[in-house]
Amino acid sequence: MTSSLSLRPITGWSGNKDYFTFREYDKFDPEAVIDVLDGKVAGVMFRGMVAPEVAANISQRFWDSPHRKVRGVEAPGYYIGAYTWNKPTGQYLDEAEEANPILRDLLDVPNDPMKEFYAGLGSSLAKRGAVVRPAEHEGRSAAIALFRSWHGRGAFALEPHDDDSQCSDPQMADFERNRVFGNPIAALNICLENEGGGGRLVYWNIQPDLESKRRLGVEYTGSPYPHECLVDVESKWIDVHAGDVYVFNGAHVHAVEPNTTERQTRTTLAAMMAYADPQNVVTWS
Ligand SMILES: O=C(O)CCC(=O)C(=O)O
Ligand SMILES: [Fe+2]
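The rules behind each value
- Residues numbered from 1 in each chain as written.
- Chains lettered and ligands numbered in written order.
- Predicted model: local features only at pLDDT ≥ 70, side-chain atom pairs only at ≥ 80, totals over all residues.
- Heavy atoms only, no water.
- Helix = DSSP H or I, 4+ residues; strand = E, 2+ residues; numbered from the N terminus.
- Buried < 20%, exposed > 50% of the residue type's maximum accessible area, 1.4 Å probe, protein only.
- Contact = heavy atoms within 4.5 Å.
- Phe/Tyr/Trp six-rings, centres within 6.5 Å; stacked < 30°, edge-to-face > 60°.
- Lys NZ or Arg CZ within 6 Å of the ring centre and 35° of its normal.
- Donors = N, O, S within 2.8 Å, 3.2 Å for Na, K, Ca; no water.
- Tetrahedral: all angles 85-135°; square planar, octahedral: opposite > 155°, others 65-115°.
- Core = buried A, V, L, I, M, F, W, Y, C linked by side-chain atoms within 4.5 Å.
- UniProt positions renumbered as here; feature names shortened; annotations may be inferred.
- Axes fitted to C-alpha atoms, helices over the stretch in contact; angles between N-to-C directions.
- Parallel < 35°, antiparallel > 145°, perpendicular 65-115°, else oblique.
- Nonpolar A, V, L, I, M, F, W, Y, C, P; charged D, E, K, R; others polar.
- Salt bridge = Lys/Arg side-chain N within 4 Å of Asp/Glu carboxyl O.

### Regarding the side chain of threonine 267
- Position of threonine 267 among the secondary structure elements: in strand 17 (residues 266-277).
- For threonine 267, a relative accessible area of 0% translates into the label buried.
- Apart from the residues lying within four places of it in its own chain, the contact partners of threonine 267 are Phe62, Trp63, Arg148, Ser149, Ile190, Cys191, Leu192 and Glu193.

The structure is reproduced here in structure tokens:
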């Protein structure tokens, strides 16, 4: 049971107004992604980066795939891929090994947006003597992407959470991803479909401190943060449409608004990335 002590407001780091914004672009700019990786800005939004027919083609392949799975109570929805959340390295890498050929096959389409994203980011990082690549462990690789459609039925389709706490999970202390902890976590999201109303990203101006995480029991999971703890925190509600690609610092608490009707679906293709060291941006999902 949650005690009144645990429902004290969350404390942590909040950015100033130059930082706490989602910069809008009408085309892809990989330099802007590096600004998120460098912690210079909270988020960037590339409107309509993916052509409508490409987004529709990929989301259809997701819904038609026999590999689509149901995810449990912590994040209800459908997915294809492997996710690191709350599991040991070996299990994750087994799941990633199984998922990667399926993901490559699903993304074997003209104008794959993941390919375009990493080609652009890779060129910009190369100018700085750095590369972007999947995180590794003993010659095995992280999952290259994660398709999801969130279907939580409460106040949010995906509950308020952060994406950086899990990077310090002792179950994955041996995984290369562990080296990113403390650096900004850039969460890449490619919206494939979000028809009708709702489905906004809710983004709070707080990176919870360790004391708050421990009090709420989310030190290694980052999820969930009770809504009551967030009411006084500044927030942005970001409109998301099919074809939009957005990247944000996942250390801030964020959530997904439900669609206005239960029959609507909001499907995204995602990955996480961060500097492991100045020469290596590693990815996982
Ligand atoms: O779907 C989104 O916009 C955000 C998803 C998210 O926060 C996550 O997968 O951790
Ligand atoms: Fe997240």
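### Thoughts on the packing of aromatic side chains
- Scanning all chains against the criterion turns up 16 aromatic pairs.
- Both rings, one in phenylalanine 62 and one in phenylalanine 147, keep their centres 5.5 Å apart while their planes meet at 10°; by these two values the pair is stacked. Residue phenylalanine 62 is found in helix 2 (residues 52-64), and its partner phenylalanine 147 is found in strand 9 (residues 146-150); the two are separated by 85 residues along the sequence. For the pair formed by phenylalanine 62 and phenylalanine 147, the shared burial category is buried.
- Between the aromatic rings of phenylalanine 156 and tryptophan 204, the centroid separation amounts to 6.0 Å while the plane-to-plane angle is 75°, which identifies the pairing as edge-to-face. A residue pair is termed long-range when its members are at least 10 positions apart, and phenylalanine 156 in the loop between strand 9 and strand 10 (158-161) and tryptophan 204 in strand 12 (residues 201-204) qualify at 48 residues. In this pair, the class of phenylalanine 156 matches that of tryptophan 204, namely buried.
- The ring of phenylalanine 62 has arginine 68 lying over it, and the distance from NZ or CZ to the ring centre is 5.9 Å.
- The ring of tyrosine 78 carries arginine 68 above its face, with NZ or CZ at 4.9 Å from the centroid.

### Focus: the coordination of the iron ion (ligand 2)
- Every protein donor of the iron ion (ligand 2) is accounted for by His161 (NE2), Asp163 (OD), Asp163 (OD) and His254 (NE2), and the metal-donor separations fall at 2.1 to 2.7 Å.
- Classification of the site at the iron ion (ligand 2) rests on its six donor atoms, whose angles at the metal span 50 to 170°, yielding the label irregular.
- Written as a sequence motif, the donor residues of the iron ion (ligand 2) are H-x1-D-x90-H. Separated by 93 residues along the polypeptide, histidine 161 in strand 10 and histidine 254 in strand 16 (residues 254-256) bring together distant segments of the chain. Neither histidine 161 nor histidine 254 differs from the other in exposure class; each is buried.

### Describing the nonpolar core
- If you look at the biggest cluster of nonpolar residues, it comprises 72 residues, and the most contacted ones within it are Phe46, Tyr92, Phe147 and Trp284.
- Excluding residues within four positions of it along the chain, phenylalanine 46 makes contact with Tyr25, Lys27, Phe28, Asp29, Ala32, Val33, Gly243, Asp244, Val245 and Val247.
- Counting residues in hydrophobic clusters, the runner-up holds 13 residues, among them Ile10, Val202, Trp204 and Val233.

### Focus on the UniProt feature "domain: Fe2OG dioxygenase" (unreviewed entry) in the protein chain
- Taken from the UniProt record, the annotation "domain: Fe2OG dioxygenase" (unreviewed entry) applies to residues 136-275.
- What you have in residues 136-275 is 4% helix and 36% strand, and the ends, taken at the C-alpha atoms, are 13 Å apart.

### Section: the packing of helix 1 (residues 30-37) against helix 4 (residues 113-126)
- Direction vectors running N to C along helix 1 and helix 4 enclose 75°, while the axes themselves pass 8 Å from each other. On the basis of the axis angle, helix 1 is roughly perpendicular to helix 4. For the pair formed by helix 1 and helix 4, the contact residues are Pro30, Glu31, Val33, Ile34 and Leu37 on the first element and Phe117, Gly120, Leu121, Ser124 and Leu125 on the second.
- Counted by class, the contact of helix 1 with helix 4 contains seven nonpolar, two polar and one charged residues.

### Description of the pattern of salt bridges
- Using the criterion set out here, one finds 16 salt bridges in the structure.
- Notably, a salt bridge pairs aspartate 35 with arginine 23, separated by 3.0 Å at the nearest N-O pair. Of this pair, aspartate 35 sits in helix 1 while arginine 23 sits in strand 2 (residues 22-25), and the two are 12 residues apart along the sequence.
- A residue is classified by how much of its surface remains accessible, and aspartate 35, at 18% relative accessible area, is buried.
- Between glutamate 97 and arginine 140 there is a salt bridge; the shortest N-O distance is 3.1 Å. A residue pair is termed long-range when its members are at least 10 positions apart, and glutamate 97 in helix 3 (residues 89-106) and arginine 140 in strand 8 (residues 140-141) qualify at 43 residues.
- Residues joined by salt bridges that share partners form a network here, namely Arg133, Glu176, Arg179 and Asp277.

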